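These are the residues of each chain, in order.
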Amino acid sequence: MCGINGVFHYHGSAKKEGELKKMNQVLAYRGPDAEGVFEDQQIELGHRRLSIIDLSESANQPIISSDGNWVIVFNGEIYNYADIKKQLPEYPFKTQGDTEVVLAAFQKWGEHSLRLLNGIFSFAIWNKITKQLFIARDRLGVKPLYYFSSNEVFMFSSSIKAILSTGRSKNKISKSGLVDFLRYQTVHAPATIISDIYVLMPGTFAYISEEENFQPEQYWSLTNSTKKSSNNKLEIIKTVREQVEKSVSMQLVSDAPFGAFLSGGIDSSILVGVMASQRSQPVDTFSVVFKEDKFSEGKYAELVAKKFNTRHHEIELSVEAFRDLIPEALTSMDHPSGDGPNTYVVSKKTHDAGIKMALTGLGGDELFCGYSIFNQIKQISSKKWLRSFPVYARRPLASMYRNLKGTVAADKIASVMSLAEFDTENIYEYYRRVFNEKQIQHLLKNNDKVPVSVFHLVKEQVGYNQPGWNLPLMSRVSVAEMSTYMQNVLLRDADQMGMANSLELRVPFLDHELVELALGISDGLKSGGIPKKLLVESFQDILPQEVWNREKMGFVLPYEIWMKNDLKTFCEERLNWLGNTPYFNEQTLTKYWNLFLNGNKMVTWSRIWTLVVLSNWMKENNVN
């Protein structure tokens, strides 16, 4: 796991002295073990290394091919690199790692080699003969790849901050990105919060040269490889289990110390159980626990750790200690996000224990119906009788319900009740909302209408019809979750918060073969009764009942109390700063802050926190 940078110069444009070095310095936290640079007439490639596979110096990057004509910088891990290497017996490998295998595979098969790779990655390959640059990103978007393009250069990096450090970007907020952030606490790819910096979409690649315009092409999507699954329950349970076990086995490849995050929930407990069954040595597991029982899942994590005889590390924090780490976590954000400090804390403590790589349960909820949103959309979709009432008749009832309840949840339900259609893409966009449209209009000085990114992303994905069948409803919700919230919040936070502590996080539930399998399974087998029904049934013999037969807790902390007390000044300073920017209405910010302080249910802590995070990020990165 590493950080990569690169600058391709169009038309012989002049290089800026020290530009690539500055970008590499920004990425030092992603790769503290080694640094490398390659320069040619039109290209500069930079690399920072976190050594996980083949710890020798010979595996430092950039790596040049055996014939001297190709150069690669790579970020990520290829879990099946040994199998691919066997298909390249003619190549004179000099290293024992995965990066050189990717380079050799690309030399032989070109862009088609991407379909062979099982892993998480973003990389760039330079052809010294054709003067052509190739960039690519993994299927699910686990590893980031940001880019900036002008008439002079095409620039890419694992970090937005690295690109900003060069001074090439205008450092200005994207107005559409700002609205997106207020709606969903993030900005959805391919856009970012910066107007002229973008992110390569998951499952895509692109060529850059003097002759070719930058035009990303897709080699994989969430739905184009999914096939209708068997309805034989026992067969499906067996297949799901085998695929999870295979994924974990592949992702345990490491030459550096590793472990697993163990929350005591279903997903992490399954991963730890599978890891324990595949290893002769005890697994190192890590949990953040709190003295206050209402915030802690420690007893469940300890139960699982004892069952599988792990070397369990309880990271005991007071809520005050966690609170004190929040400013440090915010400073580490490469792109603003309304979430993330929890991942930062557990990553920091895991790295402090000498671990370089950890497995996480991210993806289990999205694939196997772990969130309440799955049942909510299922219930609304089943109420076909609502469509018999015209929209103009439903809207007054929705308004009455909204005003009667006066909560965020009621506002979302009322918005859905007013819809003309109850398709997944129409319903889903409201459930992940932070601020509603009326609130955003009041917050911003410029009220230009901005298309709803989530609606268009979901429609593009779940509107896909494979010949002969449609995706089941629960799978449509899974695709919506994975292509929006998971990719642009959870995975972004996992990468930026893990790598801020030089810790690689792997996600076995997002193995693309497991994803393709799960999305093809019928609703009846996957949902109903208990959360993540199919996943629990697949591992019920190893899961303690106390783990799966309890209410989902999540990582809940007293943010509201902190923001009204210990963090009050911290929040007020940042809201005041935001009010002085040309984008926000200062009076509205003050109004919402006071409503929050007075306990108004429509202005919850998470909405105010989104504004605080945005302000903190803009200020620290000199963005206006």
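These figures come from a predicted structure and were not determined experimentally. (Residues numbered from 1 in each chain as written. Predicted model: local features only at pLDDT ≥ 70, side-chain atom pairs only at ≥ 80, totals over all residues. Heavy atoms only, no water.)

### Regarding the confidence of the model for the chain
With 93% of its residues at a pLDDT of 70 or more, the chain shows a mean pLDDT of 89. Of all the helices and strands in the chain, helix H13 (residues 391-405) carries the lowest mean pLDDT, 71, while strand E10 (residues 198-199) carries the highest, 98. (pLDDT = per-residue confidence, 0-100. Helix = DSSP H or I, 4+ residues; strand = E, 2+ residues; numbered from the N terminus.)

### A few points about the packing of helix H24 (residues 568-579) against helix H25 (residues 586-597)
Look at H24 against H25: their axes get within 8 Å of each other, and the N-to-C directions meet at 160°. For the element pair H24 / H25, the angle class is roughly antiparallel. The crossing of H24 and H25 is right-handed. Across from Lys568, Cys571, Glu572, Leu575, Leu578 and Gly579 in H24, the residues of H25 making contact are Glu586, Leu589, Trp593 and Leu597. For the contact of H24 with H25, the residue count by class is six nonpolar, one polar and three charged. (Axes fitted to C-alpha atoms, helices over the stretch in contact; angles between N-to-C directions. Parallel < 35°, antiparallel > 145°, perpendicular 65-115°, else oblique. Left-handed = near helix turned anticlockwise from the far one by under 90°. Contact = heavy atoms within 4.5 Å. Nonpolar A, V, L, I, M, F, W, Y, C, P; charged D, E, K, R; others polar.)

### Overview of the environment of Asn69
Within the element layout of this structure, Asn69 appears in the loop between strand E4 (63-64) and strand E5 (70-78). By relative accessible area, Asn69 is classed as partly exposed at 26%. Separated by 124 residues in sequence, Asn69 and Ile193 place their C-alpha atoms 37 Å apart. Not counting the four nearest positions on each side in its chain, Asn69 is found in contact with Trp126, Asn127, Lys128 and Ile129. (Buried < 20%, exposed > 50% of the residue type's maximum accessible area, 1.4 Å probe, protein only.)

### Things to note about a negative patch on the surface
Side chains of Glu210, Glu211, Glu212 and Glu217 sit close together on the surface and give a patch of like negative charge. Among the structural elements, Glu211 can be located in the loop between strand E11 (204-208) and strand E12 (217-218). (Patch = residues over 30% accessible without salt bridge, like charges linked within 9 Å, V, L, I, M, F, W, Y side chains within 5 Å. Areas by Shrake-Rupley, 256 points an atom, 1.4 Å probe, with all protein chains shown as cover. Salt bridge = Lys/Arg side-chain N within 4 Å of Asp/Glu carboxyl O. Lys, Arg positive; Asp, Glu negative; His and termini not counted. Charge placed at Lys NZ, Arg CZ, Asp CG, Glu CD.)

### Some remarks on the sheet that holds strand E15 (residues 311-317)
With parallel pairing, five strands are arranged side by side in an open sheet as E15-E14-E13-E16-E17. Pairing within the sheet leaves two strands with one partner each, and these edge strands are E15 and strand E17 (504-506). When the angles between neighbouring strand axes are averaged without regard to direction, this sheet yields 30°. When strand E14 (residues 284-290) meets E15, the two strands line up parallel, connected through seven bridges. Along E15, the bridge assignment pairs Phe286 with His313. (Pairing = 2+ DSSP bridges.)

### Remarks on the pairing of strand E6 (residues 119-127)
Counted residue by residue, E6 has nine buried out of nine residues, so it is predominantly covered. What you see with E6 is no split at all: Gly119, Phe121, Phe123, Ile125 and Asn127 on one side and Ile120, Ser122, Ala124 and Trp126 on the other are buried throughout. In terms of strand pairing, E6 meets strand E7 (residues 132-137) through six bridges, oriented antiparallel. For Ser122, the partnering residue across the bridge sits in E7 and is Arg137. Hairpin connection from E6 to E7: four residues lie between these consecutive antiparallel strands, with Lys131 at a positive phi of about 60°.

### Observations concerning the packing of helix H9 (residues 319-331) against helix H26 (residues 605-620)
Running from N to C, H9 and H26 point in directions that differ by 55°, and their axes come no closer than 10 Å. The angle between H9 and H26 places the two elements in the oblique class. Taken as a pair, H9 and H26 cross one another with a handedness that is right-handed. Counted together, Ile326, Leu330 and Thr331 of H9 and Trp609, Val613, Asn616 and Glu620 of H26 form the full contact between these two elements. Residues of the contact of H9 with H26, tallied by class, amount to four nonpolar, two polar and one charged.

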